[in-house]
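# Notes for the structure review
Below, each chain spelled out in residue letters.
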Amino acid sequence: SGSVPSNRQDATHGEARNSFRASYAAWSSRTAQVLAGISMVLIGVYVLLICMNVFMRYFLNAPMGWVSDMGAIFVPLAMAPCVAVATSRGMLIIVSMFGERLPRGLRRILNIIVRIGTTVVLALIAWKMFEYAQSTLNAGRSTMLLSWPTWPVWYAVAVAFALAVPLSLAPPLPSTKD
C-alpha cells in the first residue's frame, strides 16, 4: 500500500517541528538584536543632547530648553524595546537560582509557568499601552515646549511590548560557546 510507516511520519513531523523551533528562535534573536540596536542609538542620541544642553547652559549661558521635551520622546522609545530584548533572552525573571535546586521535571514545569505568566503580563501591558496611546491621540497630548504629539511615541511603545509577547515564547538558540 501507499502508506508511510508510522515511525517515518513521526520523524518527519519531528524534523518539521525542530525546523520551526530553529526558525522561530533565529527570528527572535534577530528581532532582539535590531531592537537592542534601536535602543542603544536612541539612548546615545539622548545622552548627546543632554551633554550639549549642559555645555550650552553652563559655558555659553544659552540652555536648550527643548531637551526636556526630548526626554518624553527618547526615554520611552529607548526603554520599551529593552523589555522585548530581555524577554527574548529569558532575562526578565531569573528562575535558575531557585530552579537549579529542583529536580529536572519540576524545573521544566516552573519554567513553563514563568514563561506563560510573563507572556500574559506582557500581553496585558501591550493592550494597556495601545489603550493609552489611543487616549493620548484622542486628548491631543503633546510635549510641553515643542508641542509635538506624543501619541506616536506611545504607539511605538505598545508595538515594542506587543513584540515582547512572541519573543518571550521563543526557544533559545543553541549556544555556540563551550
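Residues numbered from 1 in each chain as written. Predicted model: local features only at pLDDT ≥ 70, side-chain atom pairs only at ≥ 80, totals over all residues. Heavy atoms only, no water.

## Let's talk about the overall build of the protein chain
Of regular secondary structure, the protein chain possesses five helices and zero strands. Traced from its N-terminal end to its C-terminal end, the protein chain shows the element sequence α-α-α-α-α. Taking all 178 residues of the protein chain together, the buried fraction comes to 30%. In the protein chain, 71% of the contacts between residues at least 6 apart in sequence involve partners at least 24 apart. Accessible surface computed for the protein chain: about 11,800 Å², of which carbon and sulfur atoms make up 68%. (Helix = DSSP H or I, 4+ residues; strand = E, 2+ residues; numbered from the N terminus. Buried < 20%, exposed > 50% of the residue type's maximum accessible area, 1.4 Å probe, protein only. Contact = heavy atoms within 4.5 Å. Areas by Shrake-Rupley, 256 points an atom, 1.4 Å probe, with all protein chains shown as cover.)

## Some remarks on the side chain of T31
You can see T31 is positioned in helix α1 (residues 6-59). Polar contacts involving the side chain of T31 include one to the main-chain carbonyl oxygen of W27, which spans 2.8 Å. In contact with T31, not counting residues within four places along its chain, are L163 and L167. (Polar contact = N/O pair within 3.5 Å; in protein donor to acceptor, adjacent residues only side chain to side chain.)

## A look at the confidence of the model for the protein chain
A low pLDDT score tells you not to read the predicted coordinates there in detail. Of all residues in the protein chain, 81% have pLDDT values of 70 or greater, and the mean over the chain is 83. Ranking the elements of the protein chain by mean pLDDT puts helix α3 (residues 96-99) last, at 66, and helix α5 (residues 151-169) first, at 92. (pLDDT = per-residue confidence, 0-100.)

## Describing unusual backbone geometry
In this model, N61 sits at a positive phi of 50 degrees, which is unusual for a non-glycine residue. For N61, the location among the structural elements is in the loop between α1 and α2 (67-88). Judged by its relative accessible area of 67%, N61 is exposed. Its identity as a non-glycine residue notwithstanding, S147 has a phi of 60 degrees, on the positive side. As for its placement among the helices and strands, S147 is situated in the loop between α4 (104-139) and α5. The exposure class of S147 is partly exposed, given its relative accessible area of 47%.

## Some remarks on a nonpolar patch on the surface
Together, I50, V54, F55, Y58, F59 and L60 make up a nonpolar patch on the protein surface, roughly 650 Å² of accessible area in all. As for its placement among the helices and strands, I50 is situated in helix α1. (Patch = residues over 30% accessible without salt bridge, like charges linked within 9 Å, V, L, I, M, F, W, Y side chains within 5 Å. Salt bridge = Lys/Arg side-chain N within 4 Å of Asp/Glu carboxyl O.)

## Some words on the packing of α2 against α5
Running from N to C, α2 and α5 point in directions that differ by 5 degrees, and their axes come no closer than 8 Å. With respect to each other, α2 and α5 are oriented roughly parallel. Within the contact between the two elements, α2 uses A72, I73, P76, L77, A80, P81, V83, A84, T87 and S88 and α5 uses V153, W154, A156, V157, A160, F161, A164, L167 and S168. Classifying every residue of the contact of α2 with α5 by side-chain character gives 16 nonpolar, three polar and no charged. (Axes fitted to C-alpha atoms, helices over the stretch in contact; angles between N-to-C directions. Parallel < 35°, antiparallel > 145°, perpendicular 65-115°, else oblique. Nonpolar A, V, L, I, M, F, W, Y, C, P; charged D, E, K, R; others polar.)

## Description of the nonpolar core
M70, F74, M129, V157 and F161 are the most contacted members of the largest nonpolar core, which totals 27 residues. When contributions to this core are tallied by element, the ones reaching two or more residues are α1, α2, α4 and α5. Among the elements that take part in this core, α5 stands out by supplying nine residues, more than any other. (Core = buried A, V, L, I, M, F, W, Y, C linked by side-chain atoms within 4.5 Å.)

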